[in-house]
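# Structural description and commentary
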Amino acid sequence: MAVKNLINLGCLFPQVGCAQFSEKPSVYACLGLKCSEFIGFSGNHAIRCLGDQNCSSNSASELPTVVDNRESSLANKLQKDLTSLPRPLSVSDFSTFPSHGSKVRVSFKGEPGSYSEDAALKAYPQCETVPCNEFEDAFKAVELWIADRAVLPIENSLSGSIHRNYDLLLRHRLHIVGEVQLPVNFCLLALPGIPLERLKRVLSHPQALAQSDNFLSKLGVVRENFEDTAGAAQLVVSKRMFDAGVIATARAAEIYGLNIVAKAIQDEPDNFTRFIILARDPIIPRTDKAFKTSIVFTLEEGPGVIFKALAVFALRDINLTKIESRPQRKQPLRVVDDSNNGTAKYFDYLFYIDFEASMAESRAQNALGHLQEFATFLRILGSYPIDAAA
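Read on for a plain summary of the structure. Note that the structure is a prediction, hence the values are computed from the model and not measured.

## Some remarks on helix 8 (residues 229-238)
Where helix 8 is concerned, the buried positions are Thr229, Ala230, Gly231, Ala232, Ala233 and Val236. On its buried face, helix 8 is in contact with helix 3 (115-123), strand 10 (201-204), helix 6 (206-210), strand 12 (244-248) and helix 9 (250-256). A positive phi of about 50 degrees marks Arg240, the residue just after helix 8.

## Overview of empty space enclosed by the protein
Tallying each qualifying case throughout the model produces one cavity of 30 Å³ or more. One number sums up the size of the largest cavity: a volume of about 90 Å³. The wall of the largest cavity is formed by 14 residues, among which Tyr166, Leu169, Ile176, Ser294 and Asp354 lie closest to the centre. Put simply, the parts of the chain that give the lining of the largest cavity at least two residues each are helix 5 (163-171), strand 14 (272-279), strand 15 (291-299), strand 19 (349-355) and strand 20 (375-385). Looking at which element gives the most residues to the lining of the largest cavity, the answer is strand 19, with three residues. Looking at the lining of the largest cavity, its residues break down into 10 nonpolar, one polar and three charged. Of the residues that make up the lining of the largest cavity, three or more belong to each of domain 1 (102-182 + 273-281) and domain 3 (283-389).

## Considering the pairing of strand 20
The buried count for strand 20 comes to 10 of 11 residues, which makes it a mostly enclosed element. One ladder, built from nine bridges, connects strand 15 with strand 20; its direction is antiparallel. Note on strand 20: the bridge partner recorded for Phe291 is Pro385.

## Here we look at the nonpolar core
Ranked by size, the top nonpolar core spans 72 residues in total, and within it Leu169, Leu189, Ile247 and Leu278 carry the most contacts. Not counting residues within four places of it along the chain, the set of residues in contact with Leu169 comprises Phe139, Ile154, Ile176, Ile276, Leu278, Arg379 and Leu381. Phe297, Leu299, Val312 and Leu368 belong to the second-largest nonpolar core, a separate cluster that totals 19 residues.

## Some remarks on the sheet that holds strand 19
The antiparallel open sheet is built from four strands, whose spatial order is 16-19-15-20. The sheet is open, and its two borders are formed by strand 16 (320-327) and strand 20, each paired with just one other strand. Ignoring which end each strand starts from, the neighbouring axes of this sheet average 15 degrees apart. Pairing of strand 16 with strand 19, which is carried by seven bridges, proceeds in the antiparallel orientation. Across the sheet, residue Glu324 finds its bridge partner in strand 19, namely Tyr352. Here helix 10 (residues 305-314) sits on the sheet in contact with strand 15, strand 16 and strand 19, set at roughly 155 degrees to strand 15.

Parameters and conventions
Just so you know, the residues in each chain are numbered from 1, in the order the chain's sequence is written. Per-residue local features are limited, in this predicted model, to residues with pLDDT of at least 70; the limit for side-chain atom pairs, both in listing and counting, is 80 or more; totals at the level of whole chains, interfaces and linings are taken over all residues. Neither water nor hydrogens contribute to the side-chain values; these are computed over all heavy atoms in the structure. Buried residues are those whose accessible area, probed at 1.4 Å on protein chains only, stays under 20% of the maximum for their type, while exposed residues exceed 50% and partly exposed ones sit between those limits. A helix here means a DSSP run of H or I that spans at least four residues, while a strand means a run of E at least two residues long, and both kinds are numbered starting from the N terminus. Whether two residues are in contact is decided by their heavy atoms: any pair within 4.5 Å suffices. Computed over the protein atoms alone on a 1 Å grid, cavities are sets of points where a 1.4 Å probe fits but cannot get out and pockets are open sets with protein on both sides within 12 Å along at least five of seven lines; a residue lines them when it has an atom within 4 Å of a point. Grid points are joined across faces, edges and corners, and a volume is the space filled by probe spheres set on the points. Three classes are used: nonpolar for Ala, Val, Leu, Ile, Met, Phe, Trp, Tyr, Cys and Pro, charged for Asp, Glu, Lys and Arg, and polar for all others, with Gly counted as polar. For each domain, the first and last residues come from an automatic or database assignment. Strands were regarded as paired on the criterion that DSSP finds at least two bridges between them. We call a set of buried residues a nonpolar core when its members are Ala, Val, Leu, Ile, Met, Phe, Trp, Tyr or Cys and they connect through side-chain atoms within 4.5 Å of each other. Axes here refer to lines fitted to C-alpha atoms; in helices the fit is confined to the stretch in contact. Angles between the N-to-C directions go from 0 to 180 degrees.

Printed below as a string of structure tokens:
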């Protein structure tokens with residue numbers, strides 16, 4: 001029997017039917033392998049027999065003897081290469097946040113000094129940031145190995161979900177490996193020497209303007225939308241706009257040489273944005289710290305189907321922290337009653353759920369095994385440590 005394939009750890013959570021769920025926690029279930037298929041780890045890969053199912057090994061850490069009578073020379077070379085590899089990987093080899101984020105390149109949407117870059121630096125203090133024009137560019141930067149991670153906003157405590165990024169999560173095959181809770185602190189910036197009273201207009205992202213409505217109304221200025229807070233700061237400096245202020249970060253003031261004329265101008269002091277961290281490969285779930293798991297699934301139309309879907313978590317005392325629904329783009333409408341001449345149609349939805357449990361826990365594996373019995377589609381987006389520090 002020959003080992004016919006090396007399965008990258010990115011297959012930890014395949015698109016549909018990711019695991020052989022059982023009532024006992026199993027590393028094989030997390031890897032999506034049957035016990036008889038799992039051989040061991042090598043480098044960054046899990047090795048799986050895709051041919052003869054009679055593969056066996058004395059332990060998961062032992063690599064198999066590769067024998068192929070037809071291609072013995074190639075098999076012997078493969079065996080030699082495998083045995084010379086480093087020790088098998090363990091959970092301790094995987095970390096969501098490398099020490100200080102050194103040598104990590106992190107993509108984000110916006111210009112240097114944006115709130116997304118602040119989130120990236122909070123997750124990886126010594127990382128090299130990679131600015132991108134669009135959210136999808138940040139995804140592609142990781143997929144093309146231009147960056148190691150992407151940090152993207154997913155929801156705000158006042159304005160709600162960033163739907164674009166929910167759609168992109170499904171379109172791309174990156175995995176959520178962490179989250180960052182960033183407190184929002186809006187600063188009003190202006191060119192050096194320009195007092196608050198001289199400002200006639202304020203530029204910023206529409207959400208920043210909306211969430212500073214009380215302050216701007218009292219100031220009596222014209223509001224101008226801009227795609228990015230840091231980009232607005234850059235524009236004011238490059239165009240020497242003496243009558244314009246910018247709502248942006250304190251770091252943007254340092255980067256572009258602006259003065260902070262007012263701090264904490266947001267309407268609500270408890271304003272937070274949650275960011276997710278994406279990577280090409282998932283991390284191995286653990287049970288020694290608090291984890292969160294994100295999934296997306298679809299259901300058949302019918303009475304009580306959403307209740308049934310939520311019940312699989314309630315029955316196992318799993319707390320849900322987020323529920324989001326998005327219409328399916330490819331098939332947004334479904335005919336449900338032909339007796340009405342085909343006029344009765346309903347939106348077909350994708351459901352996104354975050355729940356507090358690690359995929360290393362049997363209750364999480366059992367819950368998704370139960371959900372998979374009646375879900376028409378199920379994908380695990382990631383299982384990752386909870387960011388408890390804001």
